[in-house]
Amino acid sequence: TFLPDKVRDLIIERPARRSIDDLVLPPEVEAQVRDLIEEQHEADKLRANSLDPRHRVMLAGPPGNGKTTLAEAIAFALGVPFLTVRYDSVIDSYLGETSARLKRVFEFARSSPCVLFLDEFDALGKERGDIHETGELKRVVSSLLLQMDDLPSYTVIVCASNHPELLDRPVWRRFQLRLALPMPTRAAFVRWLALVRPDP
């Protein structure tokens, strides 16, 4: 995908090379992700019955548990671009500019099917009642929610948070799929080793 100038500094397109089969996930997480992927593949049938596939996903859990890789695997399964938002470029000391940049990101994401990935989502979706935050940040979060609501169902937004307890409750309600990625068990680690180092 060729990124236009207006978002080239705000989004990174990464190649999606890993599939769900390459990952070791808790069974309930894998089942729900596969359901999401199937809904996206069958979107035309759903829309013919006045339904939309789910397309707003929250991944919560400690760092290093595969949230980014799972978002990549969803993009791989759907055969669409995998776009990662660059917070270092989006978040500005002037919060009004942050809202404008977010709007450009979401406008581009609406233009064609893709997976839009927002890591460390708690940096944007923080609890609006936090006494340390300004009224302007509350407006940024409100703007973010409106942008999410406006996304068509062919744009899959995947957000990840290491600190889901910081998220605003209305933010949580925006996600149709809320998945916890816990620390891997010993059995999961053994399965992962078998994938990366198969027996000769």
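Structure: see above.
Residues numbered from 1 in each chain as written. Predicted model: local features only at pLDDT ≥ 70, side-chain atom pairs only at ≥ 80, totals over all residues. Heavy atoms only, no water.

Peer 1: Could you clarify how one ought to interpret the pattern of salt bridges in this entry?
Peer 2: Oppositely charged side chains can pair when the atoms bearing their charge come close. All told, the structure shown has 11 salt bridges when counted by the stated rule. The closest approach of N and O atoms between Arg-34 and Asp-21, which form a salt bridge, is 2.7 Å. Of this pair, Arg-34 sits in helix H2 (residues 27-41) while Asp-21 sits in the loop between strand S1 (11-14) and H2, and the two are 13 residues apart along the sequence. Overall, Arg-34 belongs to the partly exposed group, its relative accessible area being 35%. The salt bridge involving Asp-88 is made with Arg-86; its shortest N-O contact spans 3.0 Å. Among the residues examined, Asp-88 registers a relative accessible area of 60% and is labelled exposed. Overall, Arg-86 belongs to the partly exposed group, its relative accessible area being 27%. (Salt bridge = Lys/Arg side-chain N within 4 Å of Asp/Glu carboxyl O. Helix = DSSP H or I, 4+ residues; strand = E, 2+ residues; numbered from the N terminus. Buried < 20%, exposed > 50% of the residue type's maximum accessible area, 1.4 Å probe, protein only.)

Peer 1: How should I be thinking about the sheet that holds strand S5 (residues 155-161) in this particular structure?
Peer 2: Strand pairing in a sheet takes place through backbone hydrogen bonds and is either antiparallel or parallel in direction. Within the open sheet, the 6 strands sit side by side as S1-S3-S4-S5-S2-S6. Their pairing is mixed. The open sheet has two free edges, formed respectively by S1 and strand S6 (177-180), since each of these has just one partner strand. Each strand axis lies, on average, 25° off the axis of its neighbour in the sheet, ignoring direction. Where strand S3 (residues 82-85) meets strand S4 (residues 114-118), 3 bridges bridge the pair, whose relative direction is parallel. Residue pairing across strands places Leu-83 opposite Leu-116, the latter belonging to S4. Strands in contact with helix H4 (residues 67-78) are strand S2 (56-60), S3, S4 and S5; relative to S4, the strand with the most contacts, it is inclined by about 170°. (Pairing = 2+ DSSP bridges. Axes fitted to C-alpha atoms, helices over the stretch in contact; angles between N-to-C directions. Contact = heavy atoms within 4.5 Å.)

Peer 1: Looking at this model, I keep getting lost on the packing of H2 against H4. Mind explaining?
Peer 2: When two helices pack together, their arrangement is given by the angle between the helix axes and by the axis-to-axis distance. Across the interface, H2 lies against H4 with an axial gap of 10 Å and an inter-helix angle of 35°. The two elements H2 and H4 cross, and the hand of that crossing is right-handed. Between H2 and H4, the contacting residues are Val-29, Val-33, Leu-36, Ile-37, Gln-40 and His-41 on the first element and Leu-70, Ile-74, Ala-77 and Leu-78 on the second. Looking at the contact of H2 with H4, its residues break down into 8 nonpolar, 2 polar and no charged. (Left-handed = near helix turned anticlockwise from the far one by under 90°. Nonpolar A, V, L, I, M, F, W, Y, C, P; charged D, E, K, R; others polar.)

Peer 1: What's the story with the side chain of Thr-84 in this structure? I'm lost.
Peer 2: Within the fold, Thr-84 resides in strand S3. Among the polar contacts listed, one links the side chain of Thr-84 to the side chain of Arg-14, at a separation of 3.3 Å. With residues up to four places along the chain from it excluded, the contact list for Thr-84 reads Leu-10, Ile-11, Ile-12, Arg-14 and Phe-117. (Polar contact = N/O pair within 3.5 Å; in protein donor to acceptor, adjacent residues only side chain to side chain.)

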